[in-house]
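Read off the chains here:
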Amino acid sequence: MNDFSYLHTNCLELSLYLGCDKFPHESELQQEWENNKEALLTFMEQVHRGIKGVVTDQQGEPIANATIVVGGVNHNVRTGR
């Protein structure tokens, strides 16, 4: 689903796996949180990196369904309605 969403809806979904055990026992959860808390919070802070903004016309009005092309990136992004 992640690849489909990225390619066809411009929605980036992530799945993070900490190990081979998909369903750790409840008694292990607190230690898993402690082991990975700082890394997860640092990762979440990265949302503020990159290019952000609104595509507008010369009058400052948003342009619906504009296509954004970035050189060297083989994936165009379309703005919303």
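Procedures and definitions
Residues numbered from 1 in each chain as written. Predicted model: local features only at pLDDT ≥ 70, side-chain atom pairs only at ≥ 80, totals over all residues. Heavy atoms only, no water. Helix = DSSP H or I, 4+ residues; strand = E, 2+ residues; numbered from the N terminus. Rg over C-alpha atoms; globule rule 2.2 N^0.38 Å. Buried < 20%, exposed > 50% of the residue type's maximum accessible area, 1.4 Å probe, protein only. Contact = heavy atoms within 4.5 Å. Areas by Shrake-Rupley, 256 points an atom, 1.4 Å probe, with all protein chains shown as cover. Lys, Arg positive; Asp, Glu negative; His and termini not counted. Charge placed at Lys NZ, Arg CZ, Asp CG, Glu CD. Patch = residues over 30% accessible without salt bridge, like charges linked within 9 Å, V, L, I, M, F, W, Y side chains within 5 Å. Salt bridge = Lys/Arg side-chain N within 4 Å of Asp/Glu carboxyl O.

- The chain appears in an unreviewed UniProt entry as AEBP1 protein from Formicarius rufipectus.

1. Some points on the overall build of the chain
(1) Moving on: Secondary structure summary: the chain contains two helices and two strands in total.
(2) Moving on: Listing the helices and strands of the chain from first to last along the sequence gives α-α-β-β.
(3) Moving on: Its C-alpha atoms give the chain a radius of gyration of 19 Å, more than 25% over the compact-globule value 12 Å for 81 residues.
(4) Moving on: Along the first, second and third principal axes, the C-alpha set of the chain runs to 60 × 25 × 25 Å.
(5) Moving on: For the chain, the proportion of its 81 residues judged to be buried stands at 5%.
(6) Moving on: For the chain, long-range pairs separated by at least 24 residues make up 19% of all intrachain contacts whose partners lie at least 6 apart in sequence.
(7) Moving on: Total accessible area on the chain stands at roughly 7700 Å², and carbon and sulfur atoms take up 55% of it.
(8) Moving on: Within the chain, the 11 negative side-chain charges are centred at a point lying 10 Å from the centre of the 6 positive side-chain charges.

2. Considering a nonpolar patch on the surface
(1) Moving on: Together, Tyr6, Leu7, Leu12, Leu14, Leu16, Leu41, Phe43 and Met44 line one region of the surface with nonpolar side chains, adding up to about 820 Å² of accessible area.
(2) Moving on: Elements supplying a minimum of two residues to the nonpolar patch: helix H1 (2-9) and helix H2 (26-45).
(3) Moving on: Per-element accounting of the nonpolar patch gives the leading share, three residues, to H2.
(4) Moving on: Within the secondary structure layout, leucine 7 lies in helix H1.

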